[in-house]
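Remarks on the overall topology
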Amino acid sequence: MKKYKVKKSTGSPKKHYLIDYQAQLNPQQYQAVANTEGPYLVIAGAGTGKTRTLIYRLAYLVENNINPRSILLLTFTRKAAQEMMRRAATILDERCRNVSGGTFHSFANFSLRKYGLHIQIHPNFTILDRTDAEDVINMIRTQLKLNKKERRFPRKTTLMDIISKSINKCISIEKVLANEYPHYKDESPDILNVVQHYRDFKQEKMAMDYDDLLVNLKKLLETNNEVRQKISNTYRYIMVDEYQDTNRLQAEITVLLASEHKNVMVVGDDSQSIYSFRGANFRNIMDFPKFFPGATVITLEQNYRSIKPILDLTNAIIEQAKEKYSKELFSEIEGTQKPVYIDAVDEDEQAAFVTQRVLELREEGVPLHKIAVLFRASWHANELEVELRSANIPYVKYGGLKFTEAAHIKDVVAYMRVLHNVFDEIAWLRLLLLIEGIGPTSAGRILAKIVHSGGDLNQLLSQDFAKKKFFNDLQKVHALLSRLTGSRLKPAEKLEAAVEYYNPLFELKYEDYKRRRLDLESLLRIAERYTTLEQMLTDMALEPPDTSQVGAEPTGSEDERLVLSTIHSAKGLEWHSVFIIHLVDGYFPAMQSLENEEDLEEERRLFYVAATRAQKNLYFITPELESRSYRWHTFDHSGLIFSEPSRFIAELPDFDELTEIGVLEFEEEDIKPF
DNA sequence: TAGTGAGAGGTTTTT
DNA sequence: CCTCTCACTA
């Protein structure tokens, strides 16, 4: 057979495109879009159309008759993934909706359920979220008798941190200890022991934590050539957004995925790297050419988001960074309003100012959902939330504790998990402990019977328990589970049955069950969307809905809600007006980072991310925090008082010229209800 | 063996 | 401020 080589007419005037790429993109963006073969690294500053470039490239590929299903879009956070996929679906036509993509974790989950058997992974595996994983660690820690008081052995959260860091940075436990936990260095044999037990536990119970998803995907691709080729050939074009947030492990996965074709474009900004606590390193992005020799580097510097005064300030902020790769952002957007700095007396005043200013902005015609309040840690918004509720301003809050992590949600979901994987001991434990009279010991016995019998539910009715006072309750659980096992009911119906059973226990367990019941109701509503239990449980672990954190109901259109968000969750998004609150040393930068220069640098990048979200208005607020309940925060060991404005502001050389200092004058007047 | 109450300690960000 | 742990009691 004779082979004909046909050259793609990239950019040739003969080809008719539905989108006029050259007109809609600047030359650098166009270069990134129109070169589709081989490895590319796009260094893109904040607001320079990073995601836009990715999406246009997607459309370009589709217009060149590339099958959308062979295009894979990956990123680290769900938020970014959602945004990316949403925009992908709208750009050209319905073809773009078929593109594959999501977070690295969800892609790993998908691949492992499909091909996992090649590395002895059962497709029904359970995903352990952070809390589950910590519970397991804790169990092991107790079993190994490492919880003696005299000894300062790391607690479960710390242990998980250590394990996770070691995996995500691809370095040994000992090295993590030496680098970041020198005080636990002597405990390393026991820590390694815990790690080993943890690994065995998961293996035995068909369970994977978040990190395992990535580790096993890598293992699958590395050990099985056939699968690797198949997957790599399925996804001929790979694009990774927010690459600066990916870690070593994810970089290696990217290399494996692209092994058959090397068509990879990664997009990122080293100045916005804010996930080092889970192994991301802003230098990773610069290593891309090492992984992909011959990679072309493209830099995007024109900002399309912010007016010049804001950009001047954000450039000044990042200028203070100790280490950065040169990149000078410029903007042609007209505007004269300088960022405003407000010195408030305390948190109440801060909250009052934000609330009032939000109302004024809305009067001026800025819809609520185009305004955001950003903060370092979720609880920083507590006072503000109270204020917003009393002023009847609807809002959504992103970040912080997740809906699916709430104890009562996990309780109900435990029944579903057992239905899906009868060996899910963590779920079993959870639901058994809810029964009065059953503690860890009895639960362990019941569990052992079920496991030994190969997952036989009838073991719940074993004569061994017949005389116990909890037998009656065991029968009820048995009735519930056996009724639902293998039944044709929809996930929502199964869940409803579980909630019905759970209700009396629930009211006993929680004083505030009335408030929590609302969560159960929204869980039921969410469940309606699913046709399979597996999909529902996967989403619970990997893409948890952020429903619980809603304030007042929106009065206007559904979307008209003020946005409250941690800065981490605000990444990649933009708003007309942005408030950054709690700019106080100890809050932001956070207390824990003050000692360490690297951490401090990360906090600075975080501040940069926050400030670059704003299009037209930017407000900085520093409360002096004298009167409030967080007083224990105001001293550290040396007696330093944290009522100083954030050093990120104090250190800026031309702060006075770059900003307008606002003064608050308070009148005793009620704020107009919304 | 389960449930309770006092005391200590740590407090962020995400999949 | 909340969560977790330990020791005590029934």
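Anyway, here's the lowdown on the structure attached to this text. Just so it is clear, the model here is predicted, and its values are computed rather than measured.

**Considerations on the sheet that holds strand 13 (residues 395–398)**
Reading across from one edge, 13-14-12-15-16-11-17 is the order of the 7 strands in this open sheet, with parallel pairing throughout. Every interior strand has two partners, whereas the edge strands, strand 13 and strand 17 (660–662), have only one. This sheet shows a mean twist of 20° between the axes of neighbouring strands, independent of strand direction. The pairing of strand 15 (residues 575–580) with strand 16 (residues 614–623) spans 5 bridges and is parallel. Looking at strand 16, one finds that Ser-577 is bridged to Asn-617.

**Brief notes about the pairing of strand 2 (residues 71–75)**
With 5 of 5 residues buried, strand 2 lies mostly within the body of the structure. The two faces of strand 2 match: Ile-71, Leu-73 and Thr-75 on one face and Leu-72 and Leu-74 on the other face are all buried. With 4 bridges connecting them, strand 2 and strand 6 (residues 237–240) associate as parallel partners. Counted as the bridge partner of Ile-71 is Tyr-237 from strand 6. Between strand 2 and its parallel partner strand 3 (residues 100–103), the chain crosses via helix 4 (residues 78–91), and the hand of that crossover is right-handed.

**Here we look at the protein's contact with DNA strand B**
Taken together, 28 residues sit near DNA strand B, with Arg-376, Gly-437, Ser-442, Arg-445 and Ser-569 positioned nearest. Each atom of DNA strand B within 4 Å of the protein was assigned to sugar, phosphate or base; sugar and phosphate come to 58%. One nitrogen or oxygen atom from the side chain of His-568 is found 3.4 Å from a base oxygen belonging to DNA strand B. Among the secondary structure elements, those contributing two or more residues to the surface near DNA strand B are helix 19 (440–452) and helix 24 (567–570). For the surface near DNA strand B, the class distribution of residues is 8 nonpolar, 14 polar and 6 charged.

**Examining the packing of aromatic side chains**
The geometry of an aromatic ring pair is captured by two quantities: the separation of the ring centres and the angle between the planes. Enumeration over the complete set of coordinates arrives at 20 aromatic pairs. Seen in terms of ring centroids, Tyr-341 and Phe-655 are 5.4 Å apart; in terms of plane orientation they differ by 85°. Their pairing is edge-to-face. Placement of the pair is Tyr-341 in strand 11 (residues 340–344) and Phe-655 in helix 27 (residues 655–658), with a sequence separation of 314 residues. Of the two residues examined, Tyr-341 and Phe-655, each falls in the buried class. With a centroid separation of 5.8 Å and 90° between ring planes, the pair formed by Phe-588 and Phe-607 is classed as edge-to-face.

**Topic: the packing of helix 21 (residues 491–509) against helix 22 (residues 513–527)**
For the pair helix 21 and helix 22, the least separation of the axes is 10 Å and the interaxial angle reads 170°. What the angle tells us is that helix 21 and helix 22 run roughly antiparallel. When helix 21 is examined against helix 22, the residues Ala-492, Leu-495, Glu-496, Val-499, Tyr-502, Asn-503, Phe-506 and Glu-507 are found in contact with a partner set consisting of Tyr-513, Arg-516, Arg-517, Leu-520, Leu-523, Leu-524 and Ala-527. A class-by-class count of the residues in the contact of helix 21 with helix 22 yields 10 nonpolar, 1 polar and 4 charged.

Rules used in this analysis
- Residues numbered from 1 in each chain as written.
- Chains lettered and ligands numbered in written order.
- Predicted model: local features only at pLDDT ≥ 70, side-chain atom pairs only at ≥ 80, totals over all residues.
- Heavy atoms only, no water.
- Pairing = 2+ DSSP bridges.
- Helix = DSSP H or I, 4+ residues; strand = E, 2+ residues; numbered from the N terminus.
- Axes fitted to C-alpha atoms, helices over the stretch in contact; angles between N-to-C directions.
- Buried < 20%, exposed > 50% of the residue type's maximum accessible area, 1.4 Å probe, protein only.
- Right-handed = clockwise from strand over helix to strand, strands pointing away.
- Near = heavy atom within 4 Å.
- Polar contact = N/O pair within 3.5 Å; in protein donor to acceptor, adjacent residues only side chain to side chain.
- Nonpolar A, V, L, I, M, F, W, Y, C, P; charged D, E, K, R; others polar.
- Phe/Tyr/Trp six-rings, centres within 6.5 Å; stacked < 30°, edge-to-face > 60°.
- Parallel < 35°, antiparallel > 145°, perpendicular 65-115°, else oblique.
- Contact = heavy atoms within 4.5 Å.

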